[in-house]
Each structure stands twice: as structure tokens, then as C-alpha cells.
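# Summary of the model geometry
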Amino acid sequence: MKRCSKLIAENREQTIFNHVGKKIQTDREIEIVAKIEEPLIVVLGNVLSDEECEELIRLATDKVKRSKIGTTREENELRTSSSMFIEESENAIVSRVEKRIEAVMNIPIEHGEGLQILRYTPDQEYRAHHDFFSAKSHVTNNRISTLVMYLNDVEQGGETFFPHLNLTVTPRKGMAVYFEYFYNDASLNDLTLHGGAPVEIGEKWVATQWMRKQRVR
Ligand SMILES: O=C(O)CCC(=O)C(=O)O
Ligand SMILES: [Fe+2]
């Protein structure tokens, strides 16, 4: 048995996520709730406090208001939610959250695009997609990993789904799902196809951190 598991480990591609065991020690004790090994998908608990979730929603709500609702709304069938970027790292809560994200994702925050906040109302969804850009798009500094943090509980619907892996994650306030797609084997990257199922009842708020291969700020 031992030899067998060693063999599997040796054949596995290296991952960016380097945490072992069931906890990640940051300024909060984050729990590893569930994991798929390859491609690596990790469900995390206790990532954000209630206060942090509420503050991120508040910042995003203000931002939509400031940009006079509508101008930031992207008309795109793939993603019907509304979204905005939080770049206010002078805010103490955002800085604290960014530090924690660095520790979880094991990448300096300078590789990150700024936290994106998404709000879905009933029937809104994010259809299955990859977070990385295709070779056709000629993006030189591609994305390599994603952390989707749930900012509220959704009454019904709104699961994050991975159709190739038969996996769905139910949004839970303060929890998150992590995945990466920086494998040499392109088929592993392809398996990270995912989406946000339509919200049926209630609202869904998430904060997404995408990391790039090289720094962007
Ligand atoms: O809303 C979700 O569950 C998924 C969000 C997502 O895929 C993204 O922000 O890239
Ligand atoms: Fe995504």
C-alpha cells in the first residue's frame, strides 16, 4: 500500500498550493474541508470572518453606486451577474484579507488583479468557463490560480460547479474554493472548467482572486 501511494505522489505534477494537513495557519486558522488531488481543487473553511464578508459587500455596493449603476455592467451572456474590482488596499480589512489570500494561494498579492466582487440575483449565473486565457488570445501573463470566496449564504442555487469533475460546491459565508491550472499537462488545466449555477432564491455574493504568472502591480 505504502509503495503504491508513493508512486502516485511521484507521478503527480507539482502544485502551487503547498499546504499539507487539514489546517492553514494564517492570522486565522483556515480549514481544508475537502480536496481533489489532480487537478487540485480545495474547499476551504473559515477563510473570512462575517465582518470581512460584510465589509467586502459594502465596499462593492458603494462602488456600484459611485459608478452610477449600469456603466460597470457587462452585457455578456456568459456571465449575467454584476461585478466590480476592489482596489482599495488602503482599507485595513482589504489589506488583511489580501495578506491571508497570499498565504493561502502561496503567491505574492502583486500577482493578483485586485479582488473582484460578483453579485448574482435570481436567474443570474456564470456559465462554464476557464479562468485562464486560451492560447489564441496571445495573453503573455496568463492566470494560473483562482480563489472564489463566498460572502453570503445563498437560499437556493448558486453552486460553483466543475462539470468535468462532477463536483459542486455550495456557497457558505466565509468559505472558499481554490483551484489552479498551471500544469504542464494541458488536459489537467482543461478539467478546471467551472461556473456559477443560476441563483434560484436569494442573492449570491462572491469575491474572486485571480493570480497571474508574473506580477501585475
Ligand atoms: O460564482 C461562482 O461560483 C464562480 C465564480 C467564477 O468562476 C469566477 O469568478 O471566475
Ligand atoms: Fe471562474
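The residue numbering used here restarts from 1 in each chain and proceeds along that chain's sequence as written. Here chains are named by letter from A upward and ligands by number from 1 upward, in the order in which they appear as written. Note on the predicted model: pLDDT of at least 70 is required for a residue's local features to be given, and 80 or more for side-chain atom pairs to be given and counted; whole-chain, interface and lining totals, by contrast, use all residues. Water and hydrogen atoms play no part in the side-chain values, which are based on all heavy atoms of the structure.

Before going further, it helps to spend a moment on the sheet that holds strand S9 (residues 160-162). Only strands joined by at least two bridges in the DSSP assignment are considered to pair. Helical segments are the DSSP runs of H or I of at least four residues, strand segments are the runs of E of at least two, and each set is numbered from the N terminus. With antiparallel pairing, the four strands of this open sheet are ordered in space as S6-S12-S9-S10. Whereas interior strands pair on both sides, the edge strands pair on one side only; in this sheet they are strand S6 (126-129) and strand S10 (167-169). Averaged over all adjacent pairs, the angle separating strand axes in this sheet is 15 degrees, with direction ignored. Relative to strand S12 (residues 194-196), S9 runs antiparallel, the two being bridged by two bridges. Comment: axis = line fitted to C-alpha atoms, over the contacting stretch for helices; angle = value between 0 and 180 degrees taken between N-to-C directions.

UniProt positions are given in the numbering used here, feature names are shortened, and annotations may be inferred rather than shown by experiment. With numbering matched to this structure, UniProt assigns "domain: Fe2OG dioxygenase" (unreviewed entry) to residues 111-213. Overall, residues 111-213 shows 5% helix and 45% strand. The separation of its end C-alpha atoms is 7 Å.

Donors, by definition, are the N, O and S atoms found within 2.8 Å of a metal, the threshold being 3.2 Å for Na, K and Ca, and water is not counted, so a site can look incomplete. Looking at the iron ion (ligand 2), one finds its protein donor set to be His129 (NE2), Asp131 (OD) and His194 (NE2), positioned 2.1 to 2.2 Å from the metal centre. Along the chain, the residues that donate to the iron ion (ligand 2) are spaced as H-x1-D-x62-H. You can see histidine 129 sitting in strand S6 and its partner histidine 194 sitting in strand S12, a full 65 residues away along the chain. To sort residues, take the accessible area from a 1.4 Å probe on protein chains only and compare it with the maximum for the residue type: under 20% means buried, over 50% means exposed, and anything in between is partly exposed. Looking at histidine 129, the relative accessible area reads 9%, which means it is buried.

Our next topic: the side chain of arginine 79. As for its position among the elements, arginine 79 is in the loop between helix H2 (50-66) and strand S4 (82-86). The term polar contact refers here to a pair of N or O atoms within 3.5 Å; inside protein, the definition further demands a hydrogen-donor-capable atom paired with an acceptor-capable atom, and it admits residues adjacent in sequence only when both atoms are side-chain atoms. A polar side-chain atom of arginine 79 sits 3.2 Å from a polar atom in the side chain of serine 83.

Now for unusual backbone geometry. Looking along the chain, the bond that leaves glutamate 38 and enters proline 39 is cis, with omega of 0 degrees. Turning to its location among the elements, proline 39 is positioned in the loop between strand S2 (29-36) and strand S3 (41-45). Positive phi is not limited to glycine here, since histidine 138 has a value of about 55 degrees. Positive phi, normally seen in glycine, also occurs at asparagine 166, with a value near 50 degrees. By the element assignment, asparagine 166 lies in the loop between S9 and S10. The class for asparagine 166 is exposed, based on a relative accessible area of 76%.

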